[in-house]
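Analysis of the macromolecular model
Next come the chains, spelled out residue by residue.
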Amino acid sequence: MTSRSKSRSATKAAKPRRNASNSAVSRRQPSSTSSVDATIDDLCSFLDQSPTAHHVVATAARRLLDAGFVWFDNASELPDFTGRVVKGFVTRGGALIAFVTSARSNDKFRIVGAHTDSPGLHLKSNPEGVAVNFGTLEVEVYGSPLLNSWLDRDLDIAGHVVKGDGGVALFRSASPVARLPQLAIHLDRGVNENGVVLDKHAHLRPVWSTGDDIIPVHAVAAHLAGVSLEDVATTHSQLVDHEPARLLGADASLVASGRLDNQLSCWAAVDAIAKLSGNDGVAVIALFDHEEVGSDSTTGAGGPMLEHLLERIAESLGKSRGEYLTMLPKSSCLSCDNAHAVHPNYQERHDHKHAPLINQGVALKTNSNQRYATSASSAVAFLAACDSANVGHQVFFSRNNMPCGSTIGPITATRLGIDTVDVGVPQLSMHSAREVCGVSDAADLPKIARAFLRG
Ligand code: ZN
C-alpha cells in the first residue's frame, strides 16, 4: 500500500514489489527490457494464433512438437517410460495435457493448470437469417461476456469443421466478416445515462451480408478450413475480434488483446514446460476447456481427462495403483487464471489492502470459502517458485460484499486431492472482447510456472 500513488513503468523491472504481507520486496535479478520485449512478442503471437480453444490446443501442440515433445494418442496405451525422461502430450478437443518425466525422482506430480476457453459469441447451427436487407447470424452467448464490448467491432469467424471420418480442421477468416452495430444515439437518447441494455436474443444478431443472397456459414467454414463441402459433417464457429494483440500505453507497459483470460496462462504454461529441464517429479501442464461454463465436460477440469492421464503416466513409469495413489498427496498444482486488477475509476469495488495492481506482480488468490483452492500450506510452493524465479507477487482477496469468481483450482483439488494454489496475472476489462494486462506481470508468469514445475 505504501507506494500505490507512485507512477510505475512496466519495463523498469528493478523496483519494489509487494509481498504477501504487503511490504515491499526487491527483484534481485531484473529482466532486461529486450528479453521482456521478446517474451511479450511471443505472447502476442500465441494470442493471435489462437482465436478459439481448439486453436489454443493447436498452437500449444506446435510449440511442444518444436520443443521435442511426442504427441501421444489420448485413446491409446502409453509406452513404457521406465528409466527414461519422456516429454509428451495428449489432446482432446479444446484440452491439452503435457508432461515431462524426471531423471531423478518421479514420486509426485507438479501441475500447472489453466483454461483454453474465453467468453464470447458462438454461432448456432444453421445461423443464417434475414432482417430487412441484411443477412444476419444467430449466436449463442458462451459464458459471461461483457456484451457491450462486442458492439461495433469488426469480427472474424473462427472455429473447426468435423469431417465425416472424424477428422477435424480449424479455420479463421483473414478479414472481418461480421459486426454487431450499436443503435445510433439519436434512436436511444438515454444510453449514456442508462447504459447499454441488450436483449441477448433480439439484439445480438450480427450483420453478415447485405442483399438477398444467403451465404451459408458451413460453406464459408469449409472453404476457410480447406475441406471440400461434401466432406464436412458438422461445424462449430464463433466470432472473434479482428484486432491483433498489441502493446498499449504511453510507456508501452500494457498488453491489449482478446482472450487474455485465460490464454495468457496457457501461453505461460506451454512456455514453462517447453523450456523445462532438471525437474524433480513429473511436471505436468493441464489446459482445460469449458471453465467459463462450469468445467463439467469431457475436456473440462470437472471431467476425468487429467485424472486418467496421471494414472496412465504412473503406470508407464512402472508404478502400481497403490503407488500412484500415494503420489497424489505429495503432489501440488499451480492453478493459473487472471485476477481483477484495481480499476482506476472504480477503486471502491476492491479491498484496497488485498487488491492487485497492474505491473506489480502475479497475484496469489485466496478465498476461505474455497472459491479459490489456496491454503496457507499450498501457497508455500508458489512463494518458493517466485523466490526461485526472482520475481515479486501480490495478494488478492475480494471485498466481502463483492463475491469473487472461481477457477479450475478448487475443481482439480477436489477431483485429485492435490494441494492447489490459485494465482493469476492482474488484468482490467475481464470478459471483455478486448482485455488489458501489464507487460511485466505477463513476463513473470512463465518464470514462476517453470520454477514451480521444476520442483
Ligand atoms: Zn479465467
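None of these values were measured; they are calculated from a predicted model.

**So, the sheet that holds strand 21 (residues 426-428)**
Strand pairing in a sheet is mediated by backbone hydrogen bonds. Such pairs are either parallel or antiparallel. With mixed pairing, five strands are arranged side by side in an open sheet as 13-14-22-21-17. Both outer strands of the open sheet, strand 13 (246-248) and strand 17 (339-340), are each paired with one neighbouring strand and no more. Relative to strand 21, strand 17 is paired through two bridges, and the arrangement is parallel. Directly across from Ala339, in strand 21, lies its bridge partner Pro426.

**Overview of the coordination of the zinc ion**
Four donors placed tetrahedrally about a metal ideally form angles of 109.5 degrees, and six donors placed octahedrally ideally form angles of 90 or 180 degrees. Of the protein atoms, only His115 (NE2), Asp261 (OD), Asp337 (OD) and Asp337 (OD) coordinate the zinc ion, at distances of 2.0 to 2.6 Å. Angles of 53 to 142° at the metal separate the four donor atoms of the zinc ion, which places the site in the irregular class. The motif formed by the donor residues of the zinc ion, counted along the single chain, is H-x145-D-x75-D. Placement of the pair is His115 in strand 6 (residues 109-115) and Asp261 in helix 5 (residues 260-274), with a sequence separation of 146 residues. Owing to a relative accessible area of 1%, His115 belongs among the buried residues under this scheme.

**Quick notes on the domain arrangement of the protein chain**
Quoted interface sizes are often the accessible area lost when the parts come together. What the domain assignment reports for the protein chain is domain 1 (17-118 + 258-454) and domain 2 (120-241). A separation of 31 Å is found between the C-alpha centroids of domain 1 and domain 2. Taken together, the contact between domain 1 and domain 2 spans 18 residues of the former and 18 residues of the latter. On the domain 1 side of the contact with domain 2, His54, His431 and Ala433 bury the most area, a combined 33% of that side's loss. Close ionic contact of Asp241 with Arg434 constitutes a salt bridge, the shortest N to O distance being 4.0 Å. Joining domain 1 to domain 2, the criterion identifies six residue pairs in polar contact (both at pLDDT 80 or more). Looking at the side of domain 1 that touches domain 2, the element that brings in the most residues is helix 2 (residues 53-66), giving three residues.

**What about helix 2?**
Between its terminal C-alpha atoms helix 2 stretches 20 Å, which fits the 20 Å expected from 14 residues at 1.5 Å a residue. Residues of helix 2 that are buried include every one of Ala53, His55, Val56, Val57, Thr59, Ala60, Ala61 and Leu64, and no others. Two residues or fewer past helix 2, Gly68 is found with a positive phi of approximately 90°.

**Here's the deal with the sheet that holds strand 6**
Strand order across the open sheet formed by nine strands is 3-4-5-15-6-16-20-18-19, with mixed pairing between neighbours. Each end of this open sheet is capped by a strand with a single partner; those strands are strand 3 (70-71) and strand 19 (393-396). Across three bridges, the pairing between strand 18 (residues 362-365) and strand 20 (residues 419-424) is antiparallel. By the bridge assignment for strand 20, Ala363 is matched with Gly424.

**Side note on helix 7 (residues 321-330)**
Along helix 7, the positions that sit buried rather than exposed are Tyr324, Met327 and Leu328. Each buried residue of helix 7 lies within a common arc of 105° when the element is viewed along its axis, so the set occupies one face. Taken together, the buried residues of helix 7 touch strand 6, strand 15 (282-288), helix 6 (305-316) and helix 9 (409-416).

**Focus: the pairing of strand 14 (residues 254-257)**
Bridge analysis of strand 13 against strand 14 gives three bridges, and the strand direction is antiparallel. Counted as the bridge partner of Arg246 is Ala256 from strand 14. Counted along the chain from strand 13 to the antiparallel partner strand 14, the turn is five residues long, and its residue Gly249 has a positive phi close to 105°. Pairing analysis gives four bridges linking strand 14 to strand 22 (residues 435-438), with the strands arranged antiparallel. Residue pairing for strand 22: Val255 is matched across the bridge by Cys437.

**Section: the environment of Thr412**
On the secondary structure map, Thr412 appears in helix 9. Separated by 105 residues in the primary sequence, Thr412 and Glu307 have C-alpha atoms spaced 9.0 Å apart. Among all residues touching Thr412, those that are not within four sequence positions of it are Phe288, Ala301, Leu306, Cys333 and Gly417.

**Some thoughts on the packing of aromatic side chains**
One pass over the structure, following the stated rule, counts six aromatic pairs. Taking 5.7 Å as the distance between ring centres and 35° as the angle between the ring planes, the aromatic pair formed by Phe81 and Phe99 counts as tilted. Residue Phe81 is found in the loop between strand 3 and strand 4 (87-92), and its partner Phe99 is found in strand 5 (residues 95-100); the two are separated by 18 residues along the sequence. Comparing Phe81 with Phe99, the two get one shared label, buried.

**With respect to the packing of helix 6 against helix 7**
Close contact between helix 6 and helix 7 brings their axes to 9 Å; oriented N to C, the two are set at 120°. The orientation of helix 6 relative to helix 7 falls into the category oblique. As helix 6 runs across helix 7, the sense of the crossing is right-handed. Touching Glu307, Leu310, Glu311 and Ala314 of helix 6 are Arg321, Tyr324 and Met327, all from helix 7. Class assignment of the residues belonging to the contact of helix 6 with helix 7 gives a composition of four nonpolar, no polar and three charged.

What counts and how
Once a new chain begins, its residue numbering starts again from 1 and follows that chain's sequence as written. Only residues with pLDDT of 70 or above have their local features reported here, since the model is predicted, and side-chain atom pairs are shown and tallied only from 80 upward, although totals for entire chains, interfaces and linings are computed over all residues. Side-chain numbers here rest on the full set of heavy atoms in the structure, without hydrogens or water. Two strands are counted as paired when DSSP detects at least two bridges linking them. Secondary structure follows DSSP: runs of H or I at least 4 residues long count as helices, runs of E at least 2 residues long count as strands, and numbering of each begins at the N terminus. Ligating atoms shown are N, O and S within 2.8 Å of the metal, or 3.2 Å for Na, K and Ca, and water is not included, meaning a site may look less than complete. Irregular is the label for any site that misses the other tests, which are tetrahedral for four donors with all angles between 85 and 135 degrees, and square planar for four donors or octahedral for six when opposite donors exceed 155 degrees and the remaining angles lie between 65 and 115. Summary of the burial criterion: residues with accessible area below 20% of their type's maximum are buried, those above 50% are exposed, and those between are partly exposed, where the area comes from a 1.4 Å probe applied to protein chains only. Where each domain begins and ends is defined by an automated method or by a domain database. We call two residues in contact whenever any of their non-hydrogen atoms come within 4.5 Å of each other. Take the accessible area each of two parts loses on contact, using a 1.4 Å probe, and add the two losses: that sum is the buried area. Salt bridges are defined as contacts in which a side-chain nitrogen from Lys or Arg sits within 4 Å of a carboxyl oxygen from Asp or Glu. Definition of a polar contact: a pair of N or O atoms within 3.5 Å, with one able to donate and the other able to accept a hydrogen when the atoms are protein atoms, and with sequence-neighbouring residues admitted only if both atoms are side-chain atoms. Multiplying one less than the number of residues by 1.5 Å gives the expected span of a helix. Working definition: the arc comes from the directions between the helix axis and the C-beta atoms, pointing outward to the latter. Each aromatic pair joins two rings of Phe, Tyr and Trp (for Trp, the six-membered one) with centres within 6.5 Å, and gets the label stacked for planes under 30 degrees apart, edge-to-face for over 60, and tilted for any other angle. For helices, the axis comes from a line fit to the C-alpha atoms of the stretch in contact; other axes are also lines fit to C-alpha atoms, and the angle between any two N-to-C directions lies between 0 and 180 degrees. Each angle is binned into one of four classes, with values under 35 degrees roughly parallel, values over 145 roughly antiparallel, values of 65 to 115 roughly perpendicular, and all other values oblique. The hand of a helix crossing depends on one turn: near helix anticlockwise from the far one by less than a right angle means left-handed, and clockwise means right-handed. Ten residues, namely Ala, Val, Leu, Ile, Met, Phe, Trp, Tyr, Cys and Pro, are considered nonpolar, four, namely Asp, Glu, Lys and Arg, are considered charged, and the remaining ones, Gly among them, are considered polar.

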